[in-house]
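So the chains spell out like this:
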Amino acid sequence: MEKLQYNFSSKTNKLSKFGITAGVVNSGNLEILLEKHDKVDEFFIEVNTTVPGFAAVWQAVIGDFVAKYAVGACKFTINDCGATPAIVSLRLRQLYELAASDNQNNDYTNSRYLELNARERINALVDGGCFTEIMPASNKIVSPHLGQLDLPVEFDDGAIIGTAKIAGKPVYIASQNYAFMGGAVGEVNGAKLSGICLKALKDKVSAMVFLLDSGGVRLHEANAGEIAISELIAAIIQLKLASIPVIGIVAGRNGAFGGIGIVSQCLDAIIVTENARTSVSGPEVIETVMGVAEYDSSDRALVWRTCGGRHRSIMGDAFYSSKQISDIRQKLLELLDKPTSFNEKNLLDEYQLLEQRLIDNQNSRDGIDVWAIAGLSNPQQIPDLSDSDFMELLK
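Residues numbered from 1 in each chain as written. Predicted model: local features only at pLDDT ≥ 70, side-chain atom pairs only at ≥ 80, totals over all residues. Heavy atoms only, no water.

(A) Focus on the overall build of the protein. When its secondary structure is counted, the protein shows 13 helices and 12 strands. Dimensions of the protein, computed from the C-alpha atoms along their principal axes, are close to 70 × 50 × 40 Å. Burial status across the protein gives 48% buried among its 395 residues. A sequence separation of at least 24 residues applies to 76% of the contacts in the protein between residues at least 6 apart. (Helix = DSSP H or I, 4+ residues; strand = E, 2+ residues; numbered from the N terminus. Buried < 20%, exposed > 50% of the residue type's maximum accessible area, 1.4 Å probe, protein only. Contact = heavy atoms within 4.5 Å.)

If you want it as structure tokens, here you go:
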């Protein structure tokens, strides 16, 4: 990693928001944090980059930005993962415009959940302007392990947590950033997820909501990540024993796999869309271990027929929704009003259900075989149904 620092003279800014970020730490991209600087006529910027040797290019690109905008009394900190000058210019401008605007009342009603980032997903689902983030990016609590491996960090470590209301009911909510390391769980990331559960337990809120979007545990900090998953499951069980509903949404780009796949099945309920995929082992892992003849991970249609949202809802593992934000929120509201009981009898009933499922499907090779055994007519047509037709089929 190379650290670069620059000071530029500039007119004092007239921005309204600080402690905010733009971008994401991902290959060919970067993240910028905006803070206040104590010198009113000076702009300070620090760049932490994985690609050394381009100090002159950075100075030229940043100098061009400073020449166009009043950023005196501003401090920018960049975590770069190989962004090109065009991307750097774009992110600098995006952060400035975000800081200069009032986006508290953005309307996401017609948005698609899949296309929103982690914070936008929260703001789209909760009551307008009520989300209060805990341990935001401005706190700079990053992974203690990634830096030691000379890898870039992200200021929120890929987990956004906080308090909010849904239809007036106080809830705590956590959202995984799918774009940072595939939403994978590490030490800080996992501690934020389990910590918000314990705070929900202490404060006795109406529900805990997870917006899951993760491939599992980070290989870079695997031991810490595995421990974090176990702590998260323990915290979820405590919430369930206290009769606080724990509801998840799996409708993002990465789905819910590995440890987060297990977590998803520990919740009281999960909402899925056609985009959803969830399982313990990912398709590539199954192919690597069992061979391509057993499971061809390149067959995307097969993956969706066996791990996808429609398959999970047919099996009774999830509640199906269309991709629209308004429909996902409505399904969430319905589940908030239907708390479930967590006791030994329900656990034994679920165990027997899973045991019977194994017996019934021991010779099944595809989701279509499973759907036929479940009694659905014309199962081969299910992947081509519209959302409305599929939800009618589930009734």
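(B) Geometry of helix H2 (residues 85-100). Counted at 1.5 Å a residue, the expected span for H2 with its 16 residues is 22 Å, and the 23 Å between its end C-alpha atoms agrees. In the core, the buried residues of H2 are packed alongside strand E2 (21-23), strand E3 (29-36), strand E4 (42-49), helix H1 (55-68) and strand E5 (74-81). (Expected span 1.5 Å × (residues − 1).)

(C) Quick peek at the environment of Gly259. Mapped onto the elements, Gly259 comes out in helix H6 (residues 258-266). Take Gly259: its relative accessible area is 12%, and that puts it in the buried class. Distance in space between the C-alpha atoms of Gly259 and Glu133 is 25 Å, their sequence separation being 126 residues. Residues within four places of Gly259 in sequence aside, it is in contact with Gly216 and Ile229.

(D) Summary view of the sheet that holds E2. With mixed pairing, the 5 strands of this open sheet are ordered in space as E1-E4-E5-E3-E2. At either margin of the open sheet sits one strand with a lone partner, and together these are strand E1 (2-9) and E2. Strand-to-strand twist in this sheet, taken as the mean axis angle between neighbours without regard to direction, amounts to 15°. In this sheet, E5 lies alongside E3 in antiparallel orientation, the contact comprising 8 bridges. Counterpart to Ile32 in the pairing with E5 is Ile78. Those strands touched by H1 are E1, E3, E4 and E5, and its axis lies near 35° from that of E1. Contacts from H2 reach E2, E3, E4 and E5 within the one sheet, and its direction differs from that of E3 by about 35°. (Pairing = 2+ DSSP bridges. Axes fitted to C-alpha atoms, helices over the stretch in contact; angles between N-to-C directions.)

(E) Region of interest: the sheet that holds strand E10 (residues 246-250). The sheet built from 7 strands is open, its strands ordered E6-E7-E8-E9-E10-E11-E12 with mixed pairing. Here the strands that pair on one side only, and so sit at the sheet edges, are strand E6 (132-134) and strand E12 (319-320).

(F) Region of interest: the pattern of salt bridges. With the rule as written, the count across this model stands at 23 salt bridges. Between Lys240 and Asp268 there is a salt bridge, with its nearest N and O atoms 3.9 Å apart. Placement of Lys240 in helix H5 (residues 222-241) and of Asp268 in the loop between H6 and strand E11 (269-272) is noted, with a sequence separation of 28 residues between them. Residue Lys240 is classed as buried on the basis of its relative accessible area of 10%. On the accessibility criterion, Asp268 (22% relative accessible area) is partly exposed. A salt bridge links Asp366 to Arg305, with the nearest nitrogen and oxygen atoms 2.8 Å apart. Remark: Arg305 occurs in helix H8 (residues 300-307) and Asp366 occurs in the loop between helix H11 (344-360) and helix H12 (367-373); sequence separation between them is 61 residues. The burial state of Asp366 is the same as that of Arg305; both residues are buried. (Salt bridge = Lys/Arg side-chain N within 4 Å of Asp/Glu carboxyl O.)

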